Amino acid sequence: SDKKGATHQGYMWVYRSPCKNIVIFQYRKGRGANGPKEILVNHQGYLQTDGYVVYDKIAKTGLFKLVGCWAHARRKFFEALNFDKERAEFVMGKLKKIYFHEQECENFTADARKKYRLENTASLMKELHTWAEEEQYKVLPKTPISKAIGYLLKQWEKLNRVLEDGRLEMDNNRIENKIRPLALGRKNYLFAGNHKAGQNIAMMYSFFATCKEHDVNPYEWLKEVLEKISETKMSKLENLLPQNWTTNRNTSIEKTED
């Protein structure tokens, strides 16, 4: 709330780099494309998301490919269980087998995981896609099972893209886990106070989530950063970030010149 009696809604966009183990929370006043456009303007490679249409719009002008989230696709069929148990259970059974193979290759190198998926998972995905193409005409429109099948087919190119690179995950559940503290906090403090406070919250969430990714004690990190930041050269501030802190804490912090 910026003014007395005036309440505004804010949004948090959350990004995670699985290769660098960095988490970024970005606070925005709205849910439009401007926020992710700023973050992703120079991004290359892949971006894994749910089916929110904003990402499709950005990807058209970006340098990256979109990767779908199998957990979101599964959720649609889980929600359809009470409506069409037979079809929903069929899909969930296939997905159980797919995720079994994911557990088998979880600790493989990227190249080995890609090879394993092509040998074991690709055929299951193809069977699922063939089934969905046939069943879409046999279900009533606008029903839970119809929506689940429609989501699967609409997202298929992105869902199937996980087979292209062994570094890619089947879903974005790991970023969902990063959002849980935010959801808990939202229950405890419904109002941030103002938009500036929302930005500050995003900054602290980013730091502490990245600390967790690198097994860094957030209290020890913050204590040392506050002690050293005023004496650290601008060119060396990057060494104080959580992802660099353990490596550089004893060697790379240089004091500013008097």
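For the structure itself, look to the data block above.
What counts as what
- Residues numbered from 1 in each chain as written.
- Predicted model: local features only at pLDDT ≥ 70, side-chain atom pairs only at ≥ 80, totals over all residues.
- Heavy atoms only, no water.
- Helix = DSSP H or I, 4+ residues; strand = E, 2+ residues; numbered from the N terminus.
- Buried < 20%, exposed > 50% of the residue type's maximum accessible area, 1.4 Å probe, protein only.
- Contact = heavy atoms within 4.5 Å.
- Areas by Shrake-Rupley, 256 points an atom, 1.4 Å probe, with all protein chains shown as cover.
- Expected span 1.5 Å × (residues − 1).
- Core = buried A, V, L, I, M, F, W, Y, C linked by side-chain atoms within 4.5 Å.
- Patch = residues over 30% accessible without salt bridge, like charges linked within 9 Å, V, L, I, M, F, W, Y side chains within 5 Å.
- Salt bridge = Lys/Arg side-chain N within 4 Å of Asp/Glu carboxyl O.
- Lys, Arg positive; Asp, Glu negative; His and termini not counted.
- Charge placed at Lys NZ, Arg CZ, Asp CG, Glu CD.
- Phe/Tyr/Trp six-rings, centres within 6.5 Å; stacked < 30°, edge-to-face > 60°.
- Lys NZ or Arg CZ within 6 Å of the ring centre and 35° of its normal.

*Asks:* Just checking my understanding: could you explain the overall build of the protein for this structure?
*Replies:* Helix and strand content of the protein: twelve helices and four strands. Looking at the protein as a whole, 37% of its 258 residues qualify as buried. Considering only contacts in the protein between residues 6 or more positions apart, those separated by 24 or more positions represent 54%. Only carbon and sulfur atoms are counted for the fraction: they give 51% of the accessible area of the protein, which is about 16,300 Å².

*Asks:* Please clarify how helix 10 (residues 195-213) should be interpreted in this entry.
*Replies:* With 19 residues, helix 10 should reach 27 Å at 1.5 Å per residue; the first-to-last C-alpha distance of 27 Å fits that figure. Regarding helix 10, the residues found buried are His195, Ala197, Gly198, Ala202, Tyr205, Ser206, Ala209, Thr210, Cys211 and Glu213. Residue Asp215 follows helix 10 closely and has a positive phi angle near 55°.

*Asks:* What am I meant to see in helix 7 (residues 144-154) here?
*Replies:* An α-helical segment advances 3.6 residues per turn. Residues three or four places apart therefore align on the same side. Considered for burial, the residues of helix 7 that qualify are Ile145, Ser146, Ala148, Ile149, Tyr151 and Leu152. Close packing links the buried residues of helix 7 with helix 3 (70-79), helix 4 (85-104), helix 6 (122-135) and helix 8 (156-160).

*Asks:* Even after reading the chapter, I still don't get the nonpolar core, so can you show me in this structure?
*Replies:* In this structure, Trp70, Phe77, Met125, Ile145, Ile149, Leu152 and Val162 are the most contacted members of the largest nonpolar core, which totals 27 residues. Mapped by element, the contributors of at least two residues to this core are helix 3, helix 4, helix 6, helix 7 and helix 8. With sequence-adjacent residues up to four places away left out, Met125 is seen in contact with Trp70, Ile98, Trp156, Asn160, Val162, Leu163 and Met170. Core analysis: the next-biggest nonpolar cluster, separate from the first, contains ten residues, Trp13, Tyr15, Leu40 and Ile58 among them.

*Asks:* Explanation requested: a positive patch on the surface in the structure shown.
*Replies:* Side chains of Arg75, Lys76, Lys142 and Lys147 sit close together on the surface and give a patch of like positive charge. Looking at the secondary structure, you find Arg75 in helix 3. Take Arg75: its relative accessible area is 38%, and that puts it in the partly exposed class.

*Asks:* In this structure, what is going on with the pattern of salt bridges? I would like to understand it.
*Replies:* Between side chains of opposite charge, pairing is possible as soon as their charged atoms come close. Applying the stated rule across the entire model yields 17 salt bridges. In this structure, Glu157 engages Arg161 in a salt bridge whose closest nitrogen and oxygen atoms are separated by 3.0 Å. Among the residues examined, Glu157 registers a relative accessible area of 59% and is labelled exposed. Among the ionic pairs, Glu164 bridges to Arg161, the shortest N-O distance being 3.6 Å. With relative accessibility at 32%, the residue Glu164 sits in the partly exposed group. Judged by relative accessible area, Arg161 falls into the buried class, the value being 11%. One connected set of salt bridges, linked through shared partners, spans Lys65, Glu157, Arg161 and Glu164.

*Asks:* Would you take a moment to explain the side chain of Asn172 for this structure?
*Replies:* Position of Asn172 relative to the elements: it lies in the loop between helix 8 and helix 9 (173-188). When sequence neighbours within four positions are dropped, the list of residues in contact with Asn172 reads Gln48, Thr49, Asp50, Cys69 and His72.

*Asks:* Help me out: how do you make sense of the packing of aromatic side chains in this one?
*Replies:* Evaluated as defined, the whole model comprises nine aromatic pairs. For the pair Trp13 and Tyr55, a centre-to-centre distance of 6.1 Å together with 85° between the ring planes defines the contact as edge-to-face. Here the residue Trp13 occupies a position in strand 1 (residues 11-17), and Tyr55 occupies one in helix 2 (residues 53-61), the gap between them amounting to 42 residues. In terms of burial, Trp13 and Tyr55 fall into one category: buried. Put simply, the rings of Trp13, Tyr52 and Tyr55 touch in pairs and so form one group of aromatic residues. Taking the ring centre of Tyr151 as reference, the NZ or CZ of Lys76 above it sits at 5.1 Å.

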